[in-house]
Amino acid sequence: GQCSAHCPVGAIYERDDTKSLLNAIRDPEMHVAVQIAPAVRVALGEAFGLEPGEITTGKIYAALRRLGVDAVFDTNFAADLTIMEEGTEFVERLTTGGELPLITSCCPSWVDYMEKYYDDMIPNFSTAKSPMMMQGVLTKTYYADQKKLGRERIFSAAIMPCTSKKYEITRDVNMFASGSQDVDCVLTTRELARLLKQSGIDFLSLPDEEADSPIGAYTGAGTIFGATGGVMEAALRTAYNLVTGEEHKGITFEAVRGMDGIRSAEIAINGKSIRVAIAHGIANVRDLLEEIKQAKAEGKEPPYHFIEVMACRGGCIAGGGQPYGTQDDVREKRIAGIYQDDEKQTMRCSHQNPFIQEVYKNFLEKPCSKKSHDLLHTHYTSRPLYTK
Ligand code: SF4
């Protein structure tokens, strides 16, 4: 994901999708809905002179509306939904002897890498789609129905910290679960910054606005997806509730945070010790997977129950679509911004999000239902590289 953005001689640029968004905005027939990823809100401000990590969520919503967008949604909402699906999948596997470890699949660079180099691990992959894809399909189904708009009239765009997300939207047939392309185009944080400047929008003087209902509001668990360890922590907050029926007293799981390339922790849930691991940066991912394969080859128990994997060092806050010049000091500031955003939220766990509860009640029935599987889950294919 990072190579095109970090081409040392500047000869390769990511595909620019700005025109496709602008064309949809200019088309009076189209209803344009845009979602923004967790990591965008702690980095976009840098293009306007703010420090890395400063949270500008409300201004980004406002800026999108100034561009002429009809509905502003937040990928964090769907991150909460991903947790409901993936958390349920995890608890099911844990209690029924399913394939473990469960490995997260919301990073498309990692999905691509796994399908090419570790296809024997396909059964370990969570079938839950990434938050971006879940948000896209809900926009074209649940939201379109509520608005009484034909699905063909909705244009769904996503602002992402990531160049690989441009590939993910047409990854396979599951990305067309609404009947057409669920996410029509992806702009990176850099592309949005450029577009705002070209449009003469005075970003820093914009008021803070709110996301649109009913698929915009998010909890602290949704926002921490942007940092390494965040998906794991969000999943643990909800898995704890799914297993025990109670809320985890401390809310946070500090043991899974930090910048070490591979981290592991043991978490007690209902007297059972859950072993989790986190890897970020592909070299670290490889080491962790080799450890798991080795244990399997020796007939041992899997060393972990649940694994989070992100291709980029630090997670999506340092994705290939973020402002240039991401070094570790910048990573740390953006990560601090993400955890601040979590602390600011009155609700910190995905299962507490009333709008998520409403989607299940009105539309999806329950996590991992037949409808959820049809719309929110995917499958993976072995795509080994051709070698002579
Ligand atoms: Fe994209 Fe990097 Fe995040 Fe993966 S970790 S989804 S490649 S930004």
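Basis of the calculations
- Residues numbered from 1 in each chain as written.
- Predicted model: local features only at pLDDT ≥ 70, side-chain atom pairs only at ≥ 80, totals over all residues.
- Heavy atoms only, no water.
- Helix = DSSP H or I, 4+ residues; strand = E, 2+ residues; numbered from the N terminus.
- Buried < 20%, exposed > 50% of the residue type's maximum accessible area, 1.4 Å probe, protein only.
- Areas by Shrake-Rupley, 256 points an atom, 1.4 Å probe, with all protein chains shown as cover.
- Core = buried A, V, L, I, M, F, W, Y, C linked by side-chain atoms within 4.5 Å.
- Contact = heavy atoms within 4.5 Å.
- Expected span 1.5 Å × (residues − 1).
- Near = heavy atom within 4 Å.
- Nonpolar A, V, L, I, M, F, W, Y, C, P; charged D, E, K, R; others polar.
- Pairing = 2+ DSSP bridges.
- Axes fitted to C-alpha atoms, helices over the stretch in contact; angles between N-to-C directions.
- Salt bridge = Lys/Arg side-chain N within 4 Å of Asp/Glu carboxyl O.
- Polar contact = N/O pair within 3.5 Å; in protein donor to acceptor, adjacent residues only side chain to side chain.

Trainee: Can you walk me through the overall build of the protein in this structure?
Mentor: Counting its secondary structure elements, the protein contains 13 helices and eight strands. When its C-alpha atoms are laid out on the principal axes, the protein stretches across 60 × 50 × 45 Å. The buried share of the protein, reckoned over its 388 residues, is 60%. With an accessible surface of roughly 15,200 Å², the protein has 51% of that area assigned to carbon and sulfur atoms.

Trainee: Looking at this structure, how should I read the nonpolar core?
Mentor: One recurring pattern in soluble globular proteins: nonpolar side chains tend to sit buried together. Among the nonpolar cores identified, the biggest contains 57 residues, and Phe90, Ile103, Trp110, Val256, Val276, Leu289 and Ile307 are the most heavily contacted of them. A total of seven residues in this core trace back to one element, the largest contributor, which is helix α9 (residues 230–244). Filtering out sequence-adjacent residues up to four positions away, Phe90 remains in contact with Leu100, Leu102, Ala239, Ile274, His305 and Phe306. Membership of the second largest hydrophobic core comes to 41 residues, among which are Leu67, Cys185, Ala193 and Leu196.

Trainee: I would appreciate a short explanation of helix α11 (residues 328–344) in the present structure.
Mentor: Each α-helix winds once per 3.6 residues, and so residues spaced three or four apart point in a common direction. Its 17 residues place the ends of α11 24 Å apart at the C-alpha level, agreeing with the 24 Å of an ideal helix rising 1.5 Å per residue. Regarding α11, the residues found buried are Val330, Arg331, Arg334, Ile335, Gly337, Ile338, Tyr339, Asp341 and Asp342. If you follow the buried residues of α11, they end up packed against α3 (75–96), α8 (220–223) and α9.

Trainee: What is the right way to read unusual backbone geometry from this model?
Mentor: Trans is the prevailing form of peptide bonds, just as negative phi is the prevailing case for residues other than glycine. That bond from Leu100 to Pro101 is cis: its omega, 0°, falls within 30 degrees of zero. In this structure, Pro101 sits in the loop between α3 and β3 (102–103). That bond from Ser213 to Pro214 is cis: its omega, -5°, falls within 30 degrees of zero. Looking at the secondary structure, you find Pro214 in the loop between α7 (189–198) and α8. Despite not being glycine, Lys148 has its phi angle at roughly 55°, a positive value.

Trainee: Could you clarify how one ought to interpret the site of the ligand in this entry?
Mentor: Around the ligand, a shell composed of Cys107, Pro108, Ser109, Cys162, Lys165, Met310, Ala311, Cys312, Cys316 and Gly319 is seen. Taken together, the residues of the shell around the ligand sort by class into seven nonpolar, two polar and one charged.

Trainee: Explain the sheet that holds strand β6 (residues 262–269) to me, please; I cannot follow it from the model alone.
Mentor: To summarise the sheet geometry, strands pair through backbone hydrogen bonds and adopt either a parallel or an antiparallel arrangement. Here four strands make up an open sheet; going across it, the order is β3-β8-β7-β6 and the pairing mixed. Bordering the open sheet on either side are β3 and β6, each of which pairs with just one other strand. Relative to strand β8 (residues 306–310), β3 is paired through two bridges, and the arrangement is parallel. Considered in β8, the bridge of Leu102 is made with Phe306. Contacting β6, β7 (272–280) and β8, α9 runs over the sheet at an angle of about 155° to β8.

Trainee: Sorry, what's going on with the pattern of salt bridges here?
Mentor: For the coordinates displayed, the defined rule picks out 32 salt bridges. The partner of Arg334 in a salt bridge is Glu46, and the shortest N-O contact between them spans 2.8 Å. Note that Arg334 is positioned in helix α11 and Glu46 in the loop between β1 (31–36) and α2 (57–67), a separation of 288 residues in sequence. When its relative accessible area of 0% is taken as the criterion, Arg334 is described as buried. Sharing partners across several salt bridges, the network here consists of Glu233, Arg237, Glu254, Arg257, Asp342 and Arg348.

Trainee: In this structure, what is going on with the environment of Glu86? I would like to understand it.
Mentor: Here Glu86 shows up in helix α3. Since its relative accessible area comes to 1%, Glu86 is described here as buried. Separated by 43 residues in sequence, Glu86 and Lys129 have C-alpha atoms that sit 9.0 Å apart. Those residues in contact with Glu86, other than ones at most four positions away along the chain, are Leu102, Thr104, Ser105, Ser126, Ala128 and Phe306.

Trainee: What is the right way to look at the side chain of Thr223 in this model?
Mentor: If you trace the backbone, Thr223 turns up in helix α8. Aside from chain neighbours lying at most four places away, what touches Thr223 is Pro38, Arg41, Asn76, Tyr218, Ile338, Asp341 and Asp342.

Trainee: Is there a simple way to think about the side chain of Gln35 in this case?
Mentor: Tracing the backbone shows Gln35 in strand β1. Exposure remark for Gln35: the relative accessible area of 3% places this residue in the buried category. Here Met132 takes part through its backbone oxygen, which lies 3.1 Å from a polar atom of the side chain of Gln35. Once residues within four sequence positions are removed from consideration, Gln35 is found in contact with Phe73, Thr75, Pro131, Met132, Gln135, Gly136, Ala157, Ala158, Ile159, Met160 and Val183.

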